Amino acid sequence: MPNNPETVLDARALDRTLRRMADQIVELNSGTDGLVLVGIQRRGVQLAERIVKIIAGAEGATIPCGALDITLYRDDLQTVGPRPVVGATHLPWTLDDQHVVIVDDVLYTGRTVRAALDELADFGRPARIALAVLIDRGGRELPIHADVVGRKVDVAPGKRVDVFIVELDGRDEVVIASRTSGE
Amino acid sequence: MAGSLGKDLLGLADLSAAQIRLVLDTAVPFREISERQIKKVPTLRGMTIVNLFFEPSTRTRISFEFAEKRLSADTVNVAVAGSSVSKGETLVDTARNLEAMKIDMVVVRHPASGAARFLAERIESNVINAGDGTHEHPTQGLLDLLTLRDKFGDLAGKRICICGDVLHSRVARSNIWGLTKLGAEVGVCGPRSLLPNAIGEMGVTVFDRIEDAIQWADALNILRLQLERMQGGYIPSLREYNRVFGVTRARLEAAPRDLLILHPGPMNRGVEIDSDVADGPHSVILNQVTNGVAVRMAVLYLLAGGRPELAEAAKRGPA
């Protein structure tokens, strides 16, 4: 391989990071009452499910965990050529007056979160919406910040952060790769 | 290219199996939007869609309109009665006049086979065929495929029999193309006067007796006897048609397995289908209607992508 991807988190570090994020989410909410986690398709969904499991183990509380696909709320639909495949949105409960935490893998321009906020507004009026991301790579194009950050890394615009998770990729790892390598 | 449908949706004969699967896969998440309290997403905001119907239609037009509105498109309905169409304007002139008002898509239904293609070759806007003569009705075919796939999973090797007035049916043609491409076995059953002469060339099994079709099939797609297209003696009488070809509970009870029952509507109860079959436990007729909106949303969404003029507008507009 011409330029080796640089590992940001290996499997154990990723697990540790998620545990810390779970603690911070519970602290931010002062407990688990009214807490709802919403993962963004795709990898945010699996990360949210893991955080819910960790919280269940530590606090003995089962927190509702939903999935949000923001494809239909994107601001670049007409420009992205071949249609991105639309994933499932699963939010079967009311979000009114709940404390919603959006979970995503990488926070970059903030446009995905902007779309997620728009979509959540169509599902109800939460008391509060917070944002938890595994990786904050900087480079925001909108006034959006994360409340809970797993790892902050400075990544040059030409590089890409790849999050691999067991559920979809067969392994847990976060790497920084050059834009052309890989997928 | 599997990733897109191109400019128009004219018929399932033109699509690859991969393209058909893309539409069906895309339709599944769209179903959830119609379950929401706010049944709307902003995806096609700013797009104008004209529903140009030269033939009466309730279900298909409403279904398209719901699909368009749930994707936030602006819609205009043009029906023949009371429009300049009834003053002798040609199809192309009507469409060009609409285009001069800056539209993005046309959903067209027309009594002439090939009308949708004729239009698509002459205007810039995306064209969706909502039924052209006795040729094709692709979104109906797609929603039938989705309904069957919901129940059967993979359609490969499944036996679907299309019953009744195949001769006048664009639904039958779209079904035969779509089902064959997804690997299903297709049968047709009806009086020979209502089957096209060359039906064997479409790679289907022909049944003269409904009892034999029921023995063979996993699902029946029962077509409407198109009374309005029956100028002159295709069948002796509706009563006799029901006696010989009607799908009744008694006939279905003789089947070796439970048959899934589809009907594109509107039904002639007591003619091609009996009420206790239409309302029976294996009827998926209302699932078809629900799937119709989702499939049409998927088609609109897929056709809207990758168009240069929209890309430019997106660049100009706010993020």
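Just so it is clear, the structure is predicted and the values come from calculations on it, not from any experiment.

### Details of the environment of Ile128(B)
Residues and elements named next belong to chain B.
Next, step 1: As for its placement among the helices and strands, Ile128 is situated in strand 4 (residues 126-132).
Next, step 2: For Ile128, a relative accessible area of 0% puts it in the buried group.
Next, step 3: Each C-alpha atom of the pair Ile128 and Leu10 lies 6.0 Å from the other, and the pair is 118 residues apart in sequence.
Next, step 4: Beyond its immediate chain neighbours, meaning those up to four positions away, Ile128 contacts Leu9, Phe64, Met105, Val106, Val107, Val108, Thr139, Val299, Leu300 and Leu303.

### Structural notes on the nonpolar core
Next, step 1: Phe30(B), Leu142(B) and Leu145(B) are the most contacted members of the largest nonpolar core, which has 82 residues in total.
Next, step 2: Among the elements that make up this core, the one with the highest residue count is helix 11 (residues 285-304) of chain B (11 residues).
Next, step 3: Ignoring any residue separated from it by four or fewer positions in sequence, one finds Leu145(B) in contact with Leu12(B), Ile20(B), Leu24(B), Leu155(B), Gly178(B), Leu179(B) and Leu182(B).
Next, step 4: Among the nonpolar cores identified, the runner-up in size contains 33 residues, and Ala13(A), Leu14(A), Val155(A) and Val163(A) belong to it.

### Structural notes on helix 2 (residues 59-70) of chain B
All names here are of chain B.
Next, step 1: Helix length check: helix 2 (12 residues) gives 16 Å between terminal C-alpha atoms against 16 Å at 1.5 Å per residue, within 8%.
Next, step 2: Among the residues of helix 2, those classed as buried are Thr60, Ser63, Phe64, Glu65, Ala67, Glu68 and Arg70.
Next, step 3: Directly beyond the C-terminal end of helix 2, a positive phi value near 70° is found at Ser72.

### Topic: the sheet that holds strand 7 (residues 205-207) of chain B
Sheet strands line up and pair through hydrogen bonds in the backbone, either parallel or antiparallel.
Residues and elements named next belong to chain B.
Next, step 1: With parallel pairing, the five strands of this open sheet are ordered in space as 7-6-5-8-9. Looking along the sheet, the strands with just one partner apiece sit at the ends: strand 7 and strand 9 (260-262). Here the average twist between neighbouring strands, direction ignored, is 25°.
Next, step 2: Looking at chain direction, strand 8 (residues 219-222) and strand 9 are connected through three bridges and run parallel.

### Some thoughts on the packing of helix 1 (residues 17-33) of chain B against helix 11 of chain B
All names here are of chain B.
Next, step 1: Remark: helix 1 packs on helix 11, axes separated minimally by 7 Å, with the N-to-C direction vectors making an angle of 115°. Classified by chirality, the crossing of helix 11 by helix 1 is right-handed. Between helix 1 and helix 11, the contacting residues are Leu22, Val23, Thr26, Ala27, Phe30, Arg31 and Ile33 on the first element and Asn291, Ala294, Val295, Met297, Ala298, Val299, Tyr301 and Leu302 on the second.
Next, step 2: Here the contact of helix 1 with helix 11 is built from residues that sort into 12 nonpolar, two polar and one charged.

### Remarks on the side chain of Ser125(B)
Next, step 1: By the secondary structure assignment, Ser125(B) is in the loop between helix 4 (115-120) and strand 4.
Next, step 2: The residues touching Ser125(B), leaving out its near neighbours within four places in the chain, are Lys7(B), Asp8(B), Glu99(B), Ile103(B), Asp104(B), Met105(B) and Val106(B).

### Notes on the packing of helix 1 of chain B against helix 5 (residues 138-152) of chain B
All names here are of chain B.
Next, step 1: In the contact formed by helix 1 and helix 5, the axes pass within 10 Å of each other and the chain directions differ by 70°. Between helix 1 and helix 5, the angle is such that the two are roughly perpendicular. Mapping the contact onto sequence places Ile20, Arg21, Val23, Leu24, Asp25, Ala27, Val28 and Arg31 in helix 1 and Leu142, Leu145, Leu146, Arg149 and Asp150 in helix 5.
Next, step 2: In terms of residue class, the contact of helix 1 with helix 5 is built from eight nonpolar, no polar and five charged.

### Considerations on the layout of surface pockets
Next, step 1: Of the voids in this model, the largest pocket is the one considered here, and its volume is about 1300 Å³.
Next, step 2: Per-class residue counts for the lining of the largest pocket are 14 nonpolar, seven polar and 15 charged.

### Comments concerning empty space enclosed by the protein
Next, step 1: Overall, the coordinates contain two cavities of 30 Å³ or more when judged by the stated rule.
Next, step 2: Lining the largest cavity, in full, are Arg59(B), Thr60(B), Ser63(B), Gln140(B), Leu143(B), His263(B), Pro264(B), Ile285(B), Gln288(B), Val289(B) and Arg296(B).
Next, step 3: Only helix 2, helix 5 and helix 11 of chain B provide two or more residues apiece to the lining of the largest cavity.
Next, step 4: With four residues, the single largest contributor to the lining of the largest cavity is helix 11 of chain B.
Next, step 5: When the residues that make up the lining of the largest cavity are grouped by side-chain class, the tally is four nonpolar, five polar and two charged.
Next, step 6: Taken as a whole, the second largest cavity spans an internal volume of roughly 50 Å³.
Next, step 7: Forming the boundary of the second largest cavity are Asp69(A), Leu72(A), Val86(A), Gly87(A), Thr89(A), Glu119(A), Pro29(B), Glu32(B), Ile33(B) and Arg36(B).
Next, step 8: Grouping the amino acids of the lining of the second largest cavity by side-chain chemistry returns four nonpolar, two polar and four charged.

### Focus on the confidence of the model for chain B
Residues and elements named next belong to chain B.
Next, step 1: Mean pLDDT over chain B works out to 90, with 91% of the residues at or above the 70 mark.
Next, step 2: Counting interchain partners and residues more than four positions distant, the pLDDT-below-50 stretch residues 306-319 has 17 contacts.
Next, step 3: Across the interface, the model reports ipTM at 0.79; the global pTM reads 0.88.

### Quick word on the sheet that holds strand 2 (residues 74-79) of chain B
Residues and elements named next belong to chain B.
Next, step 1: Reading across from one edge, 2-1-3-4 is the order of the four strands in this open sheet, with parallel pairing throughout. Each having just a single partner strand, strand 2 and strand 4 make up the two edges of the open sheet. The mean inter-strand angle of the sheet, taken between neighbouring strand axes irrespective of direction, is 15°.
Next, step 2: Relative to strand 2, strand 1 (residues 48-53) is paired through six bridges, and the arrangement is parallel. By the bridge assignment, Asn51 is partnered in strand 2 with Asn77.

Conventions used here
Numbers given to residues run from 1 along each chain, matching the order in which its sequence is written. Chain labels run from A onward and ligand labels from 1 onward, assigned in the order the entries are written. Local features in this predicted model are restricted to residues of pLDDT 70 or higher, and side-chain atom pairs are both shown and tallied only at a pLDDT of 80 or more, whereas totals for entire chains, interfaces and linings draw on every residue. No hydrogens and no water enter the side-chain calculation; it runs on all heavy atoms of the structure. Counting from the N terminus, the helices are the DSSP runs of H or I reaching at least four residues and the strands are the DSSP runs of E reaching at least two. We call a residue buried when its accessible area falls under 20% of the maximum for its residue type, exposed when it is over 50%, and partly exposed in between, using a 1.4 Å probe and counting protein chains only. Contacts between residues were defined by any pair of non-hydrogen atoms, one from each residue, lying within 4.5 Å. The criterion is simple. A nonpolar core is a set of buried Ala, Val, Leu, Ile, Met, Phe, Trp, Tyr and Cys residues joined through side-chain atoms within 4.5 Å. Helix span, as expected, comes to 1.5 Å for every residue beyond the first. Should DSSP find at least two bridges between two strands, the strands are regarded as paired. Fitting a line to C-alpha atoms yields each axis, with helices limited to the stretch in contact; the angle taken between N-to-C directions then spans 0 to 180 degrees. Here is the rule for handedness: rotate from the far helix to the near one, and if that takes an anticlockwise turn smaller than a right angle the crossing is left-handed, while a clockwise turn gives right-handed. Three categories are distinguished: nonpolar for Ala, Val, Leu, Ile, Met, Phe, Trp, Tyr, Cys and Pro, charged for Asp, Glu, Lys and Arg, and polar for the others, with Gly belonging to the last. Working definition: roughly parallel below 35 degrees, roughly antiparallel above 145 degrees, roughly perpendicular at 65 to 115 degrees, and oblique for all remaining angles. Grid spacing is 1 Å over the protein atoms alone, the probe is 1.4 Å, and a cavity is where that probe fits but cannot get out, while a pocket is an open set with protein on both sides within 12 Å along at least five of seven lines and lining residues have an atom within 4 Å of a point. Grid points are joined across faces, edges and corners, and a volume is the space filled by probe spheres set on the points. The predictor's confidence in any single residue is recorded as pLDDT, a number from 0 to 100.

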